[in-house]
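Letter by letter, the chains look like this.
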Amino acid sequence: MSYSLTTLWHERNRFLPGILAVAFSALLIALQCGLLLGLFSITSIPIDGTKADVWVSAPDVLSVDLGRPIDEGSTVAKVAVQPEVARTEIYMQGFAYWTRPGMGNELCMVVGSRLGDDYLGTLNVLTAEHRSRLTEHGAIVIDESDRERLHIKAIGEYAEITGTRVRVVGFTKGIKSLAGPYVFCSLYTARDLLRLRGSEMTTYVLAKCHDPAQAPELVRRLKSDKLMALRAEDFSIQSRLHWLFRTKAGMAMGYAAALGLLVGAVVTSQTLYAAVAAQLREYAVLRALGIPRWRMAMTVLAQSFWVGLIGVCLALPAAFALKALAEFWGLRVDLPLELLGAAIGITMGMAMLSGLAALRSLRLVEPAMLLR
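These figures come from a predicted structure and were not determined experimentally.

Looking now at the overall build of the protein. The number of helices and strands found in the protein is 13 helices and eleven strands. A total of 372 residues make up the protein; the buried ones form 49% of that total. Once local pairs closer than 6 in sequence are excluded, the contacts in the protein between residues at least 24 apart make up 79%.

This next bit is on the pairing of strand β10 (residues 204-209). For β10, the buried fraction is high: five of the six residues fall into the buried class. Pairing between strand β1 (residues 54-57) and β10: three bridges, direction antiparallel. Within β10, the position partnered with Val56 by the bridge is Val205. In this structure, strand β3 (residues 85-99) lies alongside β10, joined through six bridges in antiparallel fashion. Residue Tyr91 lies in a different strand from β10, and its bridge partner there is Tyr204.

If you look at the biggest cluster of nonpolar residues, it comprises 42 residues, and the most contacted ones within it are Val54, Trp55, Val56, Tyr182, Phe184, Tyr204 and Phe235. With five residues, the top contributor of residues to this core is β10. Residues Ala159, Val168, Cys185 and Leu196 belong to the second largest nonpolar core, which totals 22 residues.

Inspection of the secondary structure puts His130 in helix α5 (residues 128-133). The residues touching His130, leaving out its near neighbours within four places in the chain, are Val125, Val141, Gly170, Phe171 and Thr172.

Moving on, we get to a nonpolar patch on the surface. A cluster of nonpolar side chains, namely Phe24, Tyr255, Leu259, Leu262, Val263, Val266 and Val267, defines an oily patch on the protein surface of about 660 Å² accessible area. If one sorts the elements of the nonpolar patch by residue count, helix α10 (residues 248-278) sits on top with six residues. Within the element layout of this structure, Val267 appears in helix α10.

The subject of this paragraph is the layout of surface pockets. Put simply, the largest pocket is a space of about 340 Å³. Looking at the largest pocket, it is lined by 18 residues, and the ones nearest its centre are Ile42, Ile45, Gly174, Lys176 and Arg332. Of all the elements in the fold, those that place two or more residues in the lining of the largest pocket are α2 (12-41) and α3 (45-48). Per-element tally for the lining of the largest pocket: the top contributor is α2, with three residues. Partitioned by chemical class, the residues of the lining of the largest pocket number eight nonpolar, six polar and four charged.

Take the packing of aromatic side chains next. Within the structure shown, the criterion is met by seven aromatic pairs. Pairing Phe305 with Trp306 gives two aromatic rings, centres 5.5 Å apart and planes at 70°, and the pair type is edge-to-face. Residue Phe305 is classed as partly exposed on the basis of its relative accessible area, which comes to 28%. Site record: aromatic cluster; members linked through ring pairs are Trp55, Tyr91, Tyr204 and Phe235. The ring of Phe171 is capped by Arg147, whose NZ or CZ atom sits 4.6 Å from the centre of that ring. Above the ring of Tyr158, the side-chain terminus of Arg165 is found at 3.8 Å from the ring centroid.

Cut-off values and rules
- Residues numbered from 1 in each chain as written.
- Predicted model: local features only at pLDDT ≥ 70, side-chain atom pairs only at ≥ 80, totals over all residues.
- Heavy atoms only, no water.
- Helix = DSSP H or I, 4+ residues; strand = E, 2+ residues; numbered from the N terminus.
- Buried < 20%, exposed > 50% of the residue type's maximum accessible area, 1.4 Å probe, protein only.
- Contact = heavy atoms within 4.5 Å.
- Pairing = 2+ DSSP bridges.
- Core = buried A, V, L, I, M, F, W, Y, C linked by side-chain atoms within 4.5 Å.
- Patch = residues over 30% accessible without salt bridge, like charges linked within 9 Å, V, L, I, M, F, W, Y side chains within 5 Å.
- Areas by Shrake-Rupley, 256 points an atom, 1.4 Å probe, with all protein chains shown as cover.
- Salt bridge = Lys/Arg side-chain N within 4 Å of Asp/Glu carboxyl O.
- 1 Å grid on protein atoms, 1.4 Å probe; cavity = no way out; pocket = protein on both sides within 12 Å on 5 of 7 lines; lining within 4 Å.
- Points joined across faces, edges and corners; volume = space filled by probe spheres on them.
- Nonpolar A, V, L, I, M, F, W, Y, C, P; charged D, E, K, R; others polar.
- Phe/Tyr/Trp six-rings, centres within 6.5 Å; stacked < 30°, edge-to-face > 60°.
- Lys NZ or Arg CZ within 6 Å of the ring centre and 35° of its normal.

Dropping the structure here:
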């Protein structure tokens, strides 16, 4: 290892492209996957920001934004009588069309819930002032980042959602949506906006258990042909995975990360191969001194290890710096330890495989080369 590191330092100009290629690959993998995680965590905001232990919905709901109407009375009654349940509550969410005269339609995501501090469906992004104002029928809250998109300049302006007049009474911060801007409102307003008025229908029934550990048993008990029940954590993950693997956005970003890995692997492999080829006479001297070929191969692999390690050490600070820059621009990038560990493992594996590919140049090493 020490000999390989000394050689690497002495020939640093020759190995620098490989180090930079590894750093670029690790950086791209971490940032692309982090951006992917941050982007699709947006889809589960309605779940992650509430207090429910179990979500009950229509069968085969793949994501929280794809909920379908279910009968409110019978579903609430069925959930409330379960021995694990301490509280139940209805929750409404669905797509609607936002309209401003002369400005066309915009798809939006309507989220309706009860507005008290202790209610299960009250989102943590709504302040006490927001909740107080939302008690007015037709009052809504949107995110600050969607003002231009929805053509709203100030609090108090009016718009229409599915033909119902609404008034903006406040703004949240940092709550973006993939499919359409979030529109937060009361249950009464949501019934009108989602066309559920007078039909005794809801989108979800939320349940709070006496003990969160009882949630799996409650889920098992509630599952049937007419209802689907999931723990909040499971529903959150399912919603993210739906957008990640069943939409072209997730596939495109995953493809970009794989492409960065491929480019880094090719550049690193060629760099190491060229470095070994340029040192064939030195390896020939070692061979003439009786150094076995496998020891020289281990030297090349040790160089690959150092190239990968130095590249990773350069990539990690850059990833956190770019993460801060992205969040300054309003983009969410998640870099959990699991993701960083996976990025490091993949990058180091790529560097070692590149070293194995570079070993093919050692086949040409013979002491006779020194006589030419």
